[in-house]
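The residues making up each chain are set out below.
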Amino acid sequence: MKKMLIAAGLVLFGFAASAQVSKGTVTVGGNVGFGTSETKDTDDRKTNFSIQPQVGYFLSDKLEGYVKLGYTNEADGYSNNTTTGKNKTDQFGGGVGLRKYFMVSDNVAIFAGPELGYYAGSTKFEPKGGSSQKIHDTNTFSANINAGVGVFFTK
């Protein structure tokens, strides 16, 4: 009898979960990040900021394809015997990926899947009291395994 109740519970759980991760569902999400670090006994300080809005579409039950766009900024304090200033890197880009969802409750899931990304931009040096000058262009390619927790706010 106990096994029968467990099996019935799993079936009902499966129906409730599939309503949120079923084929044709559109999702909206993203990431925002900020960080800072400082080197002890120096004036060197590093800050970074990123924002990545994302739109997804369930290709089949519990399998989402998504596209994201993004912007990243990193500033790194710089000082030597003759020059003080900042190196600033700005990049724009985006990525595509797939996520397989494993439901933990009616509105919470664990997900994992591959992601490819590309960001391009430039790094400039901004000396203290002077005008900025471009140092170099930047190109960042990435191939990741993306994993995390998804929360569904609507049915």
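Every value quoted in this text rests on a predicted model; they were computed, and no experiment measured them.

It is worth spelling out the pattern of salt bridges at this point. Following the criterion strictly, the structure yields four salt bridges and no others. Glu115 is paired through a salt bridge with Lys68; the nearest N and O atoms lie 3.2 Å apart. With a gap of 47 residues between them, Glu115 in strand S5 (residues 108-127) and Lys68 in strand S3 (residues 63-79) connect regions that are remote in the sequence. For the pair Glu115 and Lys68, a shared accessibility class is recorded, and that class is buried.

What follows deals with the packing of aromatic side chains. By the definition in use, this model includes five aromatic pairs. Aromatic side chains Phe58 and Tyr101 sit 5.3 Å apart centroid to centroid with 50° between the ring planes, which places their arrangement in the tilted category. Taken together, the positions of Phe58 in strand S2 (residues 45-60) and Tyr101 in strand S4 (residues 84-103) put the pair 43 residues apart, joining distant regions of the chain. Its relative accessible area of 0% is what places Phe58 among the buried residues. Taking 5.6 Å as the distance between ring centres and 50° as the angle between the ring planes, the aromatic pair formed by Tyr101 and Phe111 counts as tilted. Taken together, the positions of Tyr101 in strand S4 and Phe111 in strand S5 put the pair 10 residues apart, joining distant regions of the chain. You'll find Tyr101 and Phe111 in the same group, each marked buried.

What follows is about the environment of Tyr101. By relative accessible area, Tyr101 is classed as buried at 4%. Residues Tyr101 and Gly150 lie 49 residues apart in sequence; the distance between their C-alpha atoms is 8.3 Å. For Tyr101, the residues in contact, after removing those within four places along its chain, are Val21, Phe58, Lys62, Glu64, Ala109, Ile110, Phe111 and Phe152. Side-chain polar atoms of Tyr101 contact the side chain of Glu64, separated by 2.5 Å.

This next bit is on the layout of surface pockets. Space inside the largest pocket adds up to approximately 480 Å³. Thr27, Val28, Gly29, Val151 and Phe152 are the residues nearest the centre of the largest pocket, which is lined by 24 residues in total. For the lining of the largest pocket, the secondary structure elements donating two or more residues are strand S1 (26-38), S2, S4 and strand S6 (133-151). Ranked by the residues each element gives to the lining of the largest pocket, the list is headed by S1, at six residues. Here the lining of the largest pocket is built from residues that sort into 10 nonpolar, 11 polar and three charged.

Below, the discussion takes up the environment of Arg99. Looking at where Arg99 falls in the secondary structure, it is placed in strand S4. Contact partners of Arg99, with chain neighbours within four places excluded, come to Gln54, Lys62, Leu63, Glu64, Tyr66, Phe111, Ala112 and Asn146.

A separate point is the confidence of the model for the protein chain. The share of residues in the protein chain with pLDDT of 70 or more is 83%, and the mean pLDDT across the chain is 83. The model gives residues 1-19 a pLDDT under 50, and that stretch makes seven contacts with residues more than four places away or in other chains.

All right, on to the environment of Asp76 then. Here Asp76 is to be found in strand S3. Taking relative accessible area as the criterion, Asp76 reaches 29% and is therefore assigned partly exposed. Linking Asp76 and Lys88, residues 12 residues apart in sequence, is a C-alpha distance of 6.5 Å.

So, how was this worked out
- Residues numbered from 1 in each chain as written.
- Predicted model: local features only at pLDDT ≥ 70, side-chain atom pairs only at ≥ 80, totals over all residues.
- Heavy atoms only, no water.
- Salt bridge = Lys/Arg side-chain N within 4 Å of Asp/Glu carboxyl O.
- Helix = DSSP H or I, 4+ residues; strand = E, 2+ residues; numbered from the N terminus.
- Buried < 20%, exposed > 50% of the residue type's maximum accessible area, 1.4 Å probe, protein only.
- Phe/Tyr/Trp six-rings, centres within 6.5 Å; stacked < 30°, edge-to-face > 60°.
- Contact = heavy atoms within 4.5 Å.
- Polar contact = N/O pair within 3.5 Å; in protein donor to acceptor, adjacent residues only side chain to side chain.
- 1 Å grid on protein atoms, 1.4 Å probe; cavity = no way out; pocket = protein on both sides within 12 Å on 5 of 7 lines; lining within 4 Å.
- Points joined across faces, edges and corners; volume = space filled by probe spheres on them.
- Nonpolar A, V, L, I, M, F, W, Y, C, P; charged D, E, K, R; others polar.
- pLDDT = per-residue confidence, 0-100.

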